[in-house]
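# Structural description and commentary
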There are 2 protein chains.
Amino acid sequence: CQAAAQKFSGGIGSKLCDLLPALDGDAKTMNFLQEVVDIMLAYIVESFDRSTKVIDFHYPNELLQRNNWELSDEPETLDDILISCRATLKYAIKTAHPRYFNQLSTGLDMVGLAADWLTSTANTNMFTYEVAPVFVLLEYVTLKKMREIIGWQEGRGDGIFSPGGAISNMYAMLLARYKMFPEVKEKGMSSAPRLVAFTSEHSHFSIKKGAAALGIGTESVICIKADERGKMIPSDLERRIIEAKQKGYVPFFVSATAGTTVYGAFDPLMAIADICKKHDIWMHVDGAWGGSLLMSRKHRWKLNGVERANSMTWNPHKMMAVPLQCSALLVREEGLMQSCNQMQACYLFQQDKQYDLSYDTGDKALQCGRHVDIFKLWLMWRAKGTIGFEAQIDKCLELSEYLYNKIKDREGYEMVFDGKPQHTNVCFWYLPPGVRYLEDKVEKMKRLHKVAPVIKARMMEYGTTMVSYQPQGDKVNFFRMVISNPAATFEDIDFLIEEIERLGQDL
Amino acid sequence: CQAAAQKFSGGIGSKLCDLLPALDGDAKTMNFLQEVVDIMLAYIVESFDRSTKVIDFHYPNELLQRNNWELSDEPETLDDILISCRATLKYAIKTAHPRYFNQLSTGLDMVGLAADWLTSTANTNMFTYEVAPVFVLLEYVTLKKMREIIGWQEGRGDGIFSPGGAISNMYAMLLARYKMFPEVKEKGMSSAPRLVAFTSEHSHFSIKKGAAALGIGTESVICIKADERGKMIPSDLERRIIEAKQKGYVPFFVSATAGTTVYGAFDPLMAIADICKKHDIWMHVDGAWGGSLLMSRKHRWKLNGVERANSMTWNPHKMMAVPLQCSALLVREEGLMQSCNQMQACYLFQQDKQYDLSYDTGDKALQCGRHVDIFKLWLMWRAKGTIGFEAQIDKCLELSEYLYNKIKDREGYEMVFDGKPQHTNVCFWYLPPGVRYLEDKVEKMKRLHKVAPVIKARMMEYGTTMVSYQPQGDKVNFFRMVISNPAATFEDIDFLIEEIERLGQDL
């Protein structure tokens, strides 16, 4: 068998040598894959079952000991492989569980999942039409549709699916710099004056991360004040732009946020667009989290002005519940990505191919190989239609309004900011009885700061639910509830509140 | 049904509303997913069958018309979704086909595929232990194992799985810059002197792409001469380093290549390490393609000296046939990635969690969310053992030696460089009878330049095989044969040669 394996299947390991591509490996392969599918199907059903735990939590050292995770020289048997699959899912977080609220990406869409399985099976790469004809076309169709929804004329422009919002934002910053100082591509930052970028103090850390990587430096990212709801204050933006110009710096990039990570705030895009136009600055909208509200006739007004942006980040893997990863960067100007990023590697982008080379999109990417992230979004869109995404998004916003109404006047709760949330983010403190009536304000804050971490740790130990918390500015730790899983219901919101009170009552 | 969908499943679309998470959606979901699985299983069996086409090629405009790929407001039925799945696979490239030689990533491993399906099902994100406990541990275990194989003491060091070799190389350049001039993170490139990087003229274009993005500029990437086999010439490297220093530039980064893209050449790492040590420059090894030879006791000598590198890119999705994407950056110094990239976002990397925070690896990444790429590599490693990967790699190299021996003295063939290939790259010209005997050398080269593109286009139209071609320097278009699919056999190599001759005889 080992010899046969070496000859026909590349020595896949003596115990596995009868799987495909081994001769006559069909039946054995079908059986093996079917067993894995059955394990997954059971996991999926369990994930949606509220009587199961969201997480079977163990500390890292303990988890390391609960299974044999080591790699060795010798192969394992197929039965061992199935055991590993079961163990991996046993200790995984059930991110599809209707009571998992921990991240901006939650839920598991069945059509999206099927599409991701198919993507893995096709196992190809986005760089050329030659090796990914269908996926390249679907990316083209989908990006055009997204640009139409943004409101760019006839859906014109450009774009790419990138490995996440942080990279999409970095692309935008790179394009803005190239647009103003194309010579930086060849000559580096020393050929440009000191560039400065602007974003609100509530924006995502990837703006600074991008500036650090691109050689612009984090100190050249100027943080604009946000109002009490977390929205960028346009007058402060303009003031800081003028100030920077007076210092001889060159403002080149404003990143407005549509849906901030913690408060879910939407920056006033129209006012920001006016300022960017006046000062001739690239306007980017980081809609990684909030961009999907464009799919909702009821909520899309929150992004009014986005059509005036030069670029936009929009992550369907968040509010549209597309499986991870699925992040788009949309760009208004055609051709810019290509000239900014192309290196014309002749072994990949041959100019004497038989087909229309405009479909070889690889050279406009920062990456060389690029994972196929489009099919799951495209197939879900086909399955739901735009109205299906809309219904899903509207429902999640309805749930968050329900939560807000439930706790805003409830004893023991305090909202972090006033008024109805604009996105599904509901930020609040829970004050256990032992903290609620403390008169010493310093002591009270000190105690309150510790409440959310303790409740969270208990949630994970019981495994009943998960929700995020963090401090913000001078505000002590508070819960940030977000809802992006269409499986969640009003009852799950009720459960969350009961659970917080149950786990926190003794604090 | 629509109302139920809105209530229970977020309005997944009237025609699909009975899939999970709908109440009692289990059976319908199982049936749907099982139908998709059956479509995929049939595709897999077909992919390994030599009597099927590698590709059913259509020009972009034609392919756009062969199916309805448009997105609309209204949902489709589940039957339509299954039709779309079938159409997508019908027009896909069969990258698992034993006669698909087009890219460095080919083949389809059954255990890797199962693992990728399971990854999609777990649908989580690498940023914290909290949301990906098992995958974070497996990344830790696997990176350590890879560092041990590189030869770093006790497997110490750091690393990350990134979205491809280009990004891994960019990480390395970023780390090298940070190591020498940490202030660039805050103050940008204007706080550093003019930095220069070095790589061979045969290296991957991502080194220049990285330099462009990082604000270093492509002109600051100095291309070192390669010998006739495509290996960097160490004396030229040292000469150019000294020259740069004399100009007042600061050499900060040398990227040696282990397995160049076209020739498969291995730069002389030991000599390069000596030079880097002498001049105190960060040594990176881009082993995206050739790094996997470290798994082979027979071939790992080609990377002798890699243990002296500061960082290494190694893509298991190439020569180890792990499904796309799976690229690792390994770093010798511990802690550097964290300090280089961290932004300490308090809503994600809370410092008051209940578990050991060293497992929250997200802040050392350039990305925020990061796709789970580890499980397929880990599970394949378990299934094959190190010796299984070794057998697979040795076999591919054996096939390429067979090809080399077969054509080196065959009439009508000319090798692009002399001697046995070091990797699986075999670069050659096929001279059809009509070109073979031309006496006018200019005319001969002109005609020869057009041969490979025409044969390639015909291969795609017949769909029988696919192999890459390109010019290089002053050399006209030649075929670059690479083998990374363990399903390939000696007979497939014979077939390729017959096919080239059949399709090219009239040229």
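Labelled according to an unreviewed UniProt entry, chain A appears under the name Glutamate decarboxylase 2, originating from Cyprinus carpio carpio. As its UniProt record puts it under Sequence similarities (unreviewed entry), chain A is described as follows: "Belongs to the group II decarboxylase family."

This part is about the relation of the copies chain A and chain B. Superposition of the two copies of the chain requires a rotation about an axis and a shift along the axis. The two copies are related by a screw motion: chain A maps onto chain B through a turn of 180 degrees and a shift of 0.0 Å along the axis, at an RMSD of 0.0 Å. Look at the turn and shift together and you get a two-fold axis relating the two. Minimal C-alpha separation from the rotation axis in chain A is found for A:L214, amounting to 2.0 Å. When you check the interface residues of chain A against chain B, 100% turn up at the interface there too, and the contact is symmetric in its surfaces.

The next point concerns the domain arrangement of chain A. A common measure of how large an interface is: the accessible area buried when the components associate. Residues and elements named next belong to chain A. In terms of domains, chain A is made up of domain 1 (2-82) and domain 2 (95-107 + 156-332 + 379-507). Taking only C-alpha atoms, the centre of domain 1 and the centre of domain 2 are 38 Å apart. Taken together, the contacts link 10 residues of domain 1 with 15 residues of domain 2. For the pair domain 1 and domain 2, the summed buried surface comes to about 1100 Å²; carbon and sulfur atoms form 61% of the total. For the pair domain 1 and domain 2, the number of links is one salt bridge. Across the salt bridge formed by D492 and R50, the nearest N and O atoms sit 2.6 Å from each other. Linking domain 1 to domain 2 there are five residue pairs in polar contact (both at pLDDT 80 or more).

Using the residue numbers shown here, the UniProt feature "modified residue: N6-(pyridoxal phosphate)lysine" (unreviewed entry) corresponds to A:K318. The topology assignment puts A:K318 in the loop between strand 7 (311-314) and strand 8 (327-331).

So, on to the interface of chain A and chain B. Counting from both sides, the interface comprises 164 residues of chain A and, opposite them, 164 residues of chain B. Between chain A and chain B, roughly 14400 Å² of surface is buried when both sides are summed, and carbon and sulfur atoms account for 65% of that area. Its largest share of buried area at the contact with chain B, chain A owes to A:L71, A:Y347 and A:R382, together 6% of the area lost on that side. Summed over the shared surface of chain A and chain B, the number is six salt bridges. A salt bridge links B:E130 to A:K456; the shortest N-O distance between them is 2.5 Å. Among the elements that take part in the side of chain A that touches chain B, helix 13 (residues 374-407) of chain A stands out by supplying 14 residues, more than any other. Across the side of chain A that touches chain B, the residue classes tally to 92 nonpolar, 47 polar and 25 charged.

Right, let's get into helix 16 (residues 490-504) of chain A. The first and last C-alpha atoms of helix 16 of chain A sit 21 Å apart over 15 residues, in line with the 21 Å expected at 1.5 Å per residue. All of the buried residues along helix 16 of chain A are A:D492, A:I493, A:D494, A:F495, A:L496, A:I497, A:E499, A:I500, A:L503 and A:G504.

All names here are of chain A. With five of five residues buried, strand 2 (residues 158-162) lies mostly within the body of the structure. Residues D158, I160 and S162 line one face of strand 2 and the alternating positions G159 and F161 line the opposite face, and both faces are buried. Sheet analysis places strand 2 next to strand 8, joined by five bridges and oriented antiparallel. Within strand 8, the position partnered with D158 by the bridge is V331.

Our focus in this paragraph is the nonpolar core. By size, the foremost hydrophobic cluster in this structure holds 315 residues, and its most contacted members are A:F32, A:W314, A:M481, B:F32, B:W314 and B:M481. Apart from the residues within four sequence positions on either side, B:M481 is in contact with B:F101, B:L403, B:T424, B:N425, B:V426, B:F428, B:V467, B:I493 and B:L496. Among the nonpolar cores identified, the runner-up in size contains 64 residues, and B:L195, B:L336, B:M337 and B:C340 belong to it.

All names here are of chain B. Here seven strands make up an open sheet; going across it, the order is 2-8-7-6-5-3-4 and the pairing mixed. In the strand order of this sheet, the two ends are held by strand 2 (158-162) and strand 4 (221-224), each with one partner. If you compare each strand with its neighbour and ignore which way they point, the axes differ by 20 degrees on average. As paired elements, strand 3 (residues 195-200) and strand 4 share four bridges and run parallel to each other. Residue S200 lies in a different strand from strand 4, and its bridge partner there is I224. Each of strand 3, strand 4 and strand 5 (250-257) is contacted by helix 9 (residues 206-213), which is oriented at about 165 degrees to strand 4, the strand it contacts most.

The subject of this paragraph is the environment of B:C396. Inspection of the secondary structure puts B:C396 in helix 13 (residues 374-407). Residue contacts for B:C396: discarding those within four places in its chain leaves B:M319, B:T424, B:I483, B:S484, B:N485 and B:P486.

Procedures and definitions
- Residues numbered from 1 in each chain as written.
- Chains lettered and ligands numbered in written order.
- Predicted model: local features only at pLDDT ≥ 70, side-chain atom pairs only at ≥ 80, totals over all residues.
- Heavy atoms only, no water.
- UniProt positions renumbered as here; feature names shortened; annotations may be inferred.
- Least-squares fit on C-alpha atoms with pLDDT ≥ 70 in both.
- Contact = heavy atoms within 4.5 Å.
- Domains from an automatic or database assignment.
- Buried area = accessible area lost by both parts, 1.4 Å probe.
- Salt bridge = Lys/Arg side-chain N within 4 Å of Asp/Glu carboxyl O.
- Polar contact = N/O pair within 3.5 Å; in protein donor to acceptor, adjacent residues only side chain to side chain.
- Helix = DSSP H or I, 4+ residues; strand = E, 2+ residues; numbered from the N terminus.
- Nonpolar A, V, L, I, M, F, W, Y, C, P; charged D, E, K, R; others polar.
- Expected span 1.5 Å × (residues − 1).
- Buried < 20%, exposed > 50% of the residue type's maximum accessible area, 1.4 Å probe, protein only.
- Pairing = 2+ DSSP bridges.
- Core = buried A, V, L, I, M, F, W, Y, C linked by side-chain atoms within 4.5 Å.
- Axes fitted to C-alpha atoms, helices over the stretch in contact; angles between N-to-C directions.

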